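Coordinate analysis (summary)
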Amino acid sequence: MELKGRVAVVTGGTRGVGAGIARCFAQAGAEVVVCARRPPEVPLSGAEFMPLDVRDHDAVHAFFAALPRVDVLVNNAGGGPYRLLADADPARHARVIELNLLAPLTVSLAAYDHLKRAQGCVVMVGSVSGSRPSPGTAAYGAAKAGLENLARSMAVEWAPDVRVNTLVVGMVRTELAHLHYGDEQAVDAVSRTVPLGRLAEPSDVGAAAVFLASDAAAYLSGASLLVHGGGERPLFLDAATAHRQK
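Since the structure is predicted, the reported quantities are computational estimates derived from the model, not experimental observations.

Focus on helix H4 (residues 138-158)
Taking 1.5 Å as the rise per residue, H4 with 21 residues should run 30 Å; its terminal C-alpha atoms sit 30 Å apart, in good agreement. Within the span of H4, buried status applies to Ala139, Tyr140, Gly141, Ala143, Lys144, Leu147, Glu148, Leu150, Ala151, Met154, Ala155 and Trp158. Buried residues belonging to H4 abut helix H3 (90-118), strand S5 (121-127), strand S6 (163-169) and strand S7 (224-227).

What about the packing of aromatic side chains?
Summed over all chains, the structure comprises two aromatic pairs. For the pair Phe63 and Phe64, a centre-to-centre distance of 5.0 Å together with 80° between the ring planes defines the contact as edge-to-face. The same class applies to Phe63 and to Phe64, which are both buried.

Thoughts on the nonpolar core
Formed by 31 residues in total, the largest nonpolar core has its most connected members in Val9, Phe63, Phe64, Leu73, Val122 and Val164. Among the secondary structure elements, those contributing two or more residues to this core are strand S2 (31-36), helix H2 (57-65), H3, S5 and H4. Among the elements that make up this core, the one with the highest residue count is H3 (eight residues). Leu73 has contacts with Val9, Thr11, Phe64, Val107, Ser108, Ala111, Leu115, Cys121, Val122 and Val123, leaving out every residue within four places of it along the chain. In terms of nonpolar packing, the next biggest core, distinct from the first, is built from 30 residues, Ile21, Val123, Leu167 and Ala209 among them.

Regarding the packing of H2 against H3
Between H2 and H3, the shortest axis-to-axis distance is 9 Å and the interhelical angle comes to 25°. Relative to H3, H2 is oriented roughly parallel. In the packing of H2 onto H3, the handedness of the crossing is right-handed. Contacts from His57, Val60, His61 and Phe64 in H2 reach Thr106, Val107, Ala110, Ala111 and His114 in H3. Taken together, the residues of the contact of H2 with H3 sort by class into five nonpolar, four polar and no charged.

A word on the sheet that holds S2
Spatial strand order, S3-S2-S1-S4-S5-S6-S7: seven strands in an open sheet with parallel pairing. Unpaired on one side and paired on the other, strand S3 (47-51) and S7 mark the two borders of the sheet. Shown here is a sheet whose adjacent strand axes are inclined to one another by a mean of 20°, direction ignored. Alignment of S6 against S7, held across four bridges, turns out to be parallel. Paired with Val168 across the bridge in S7 is Leu226.

Here's the deal with the pattern of salt bridges
Using the criterion set out here, one finds seven salt bridges in the structure. The residue Glu148 makes a salt bridge to Arg152 at a minimum N-O spacing of 3.1 Å. Linking Glu148 with Arg152, this pair stays in helix H4, spanning four residues, or about one helical turn. Since its relative accessible area comes to 13%, Glu148 is described here as buried. The class for Arg152 is partly exposed, based on a relative accessible area of 38%.

Quick notes on the rules
Residues numbered from 1 in each chain as written. Predicted model: local features only at pLDDT ≥ 70, side-chain atom pairs only at ≥ 80, totals over all residues. Heavy atoms only, no water. Helix = DSSP H or I, 4+ residues; strand = E, 2+ residues; numbered from the N terminus. Expected span 1.5 Å × (residues − 1). Buried < 20%, exposed > 50% of the residue type's maximum accessible area, 1.4 Å probe, protein only. Contact = heavy atoms within 4.5 Å. Phe/Tyr/Trp six-rings, centres within 6.5 Å; stacked < 30°, edge-to-face > 60°. Core = buried A, V, L, I, M, F, W, Y, C linked by side-chain atoms within 4.5 Å. Axes fitted to C-alpha atoms, helices over the stretch in contact; angles between N-to-C directions. Parallel < 35°, antiparallel > 145°, perpendicular 65-115°, else oblique. Left-handed = near helix turned anticlockwise from the far one by under 90°. Nonpolar A, V, L, I, M, F, W, Y, C, P; charged D, E, K, R; others polar. Pairing = 2+ DSSP bridges. Salt bridge = Lys/Arg side-chain N within 4 Å of Asp/Glu carboxyl O.

That is the geometry; function is a separate question.
Encoded structure:
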């Protein structure tokens, strides 16, 4: 899965999953450009940082116009706070959808000419929240569901010049994991709900992204690759066997 000589742009690539993806692309030999609103707290070896707010249409187009080449685009920027639907006004939920769905569309369109010339690819970073109920992050889940569908349509419209795939990511242990799952004891408890017994590391997601960008995935487009450690154990199984554990 060698990417030497290719230029990869990773949005939101300064920390967490995005930084893990950027490191993996650099290790695979790619020239990596990461963009975010703020620079990384710790410089990323092998990656160049360029400031960008992916929600700013004009800035996004200027950003890609200034790049001489793009072979791979990783739409990673996203996220959303825990917010019950009835506890916020529609404008707040709309901003979550803007960041997680509309911004990747804007970025992809701005990069399209580069990608078409390079016969390149787009990797969308989706979430398991897009395929199951997502209470507390409903707007985020809805946006990720839309992102996966967008990628499938984009794969058809842009074929055969540009491949487009989605990483459907589960729970990841990042520097901000405690904000989502609690202290280390809570993270361990959450990890036990994953069939593989642990949360993903950013490098696990990065390795999958490198695969989708590589020649090893040359015939993959419009696909969704699950990176979730086997998913979640259905709650009904524990309920159905609870009497045996007494």
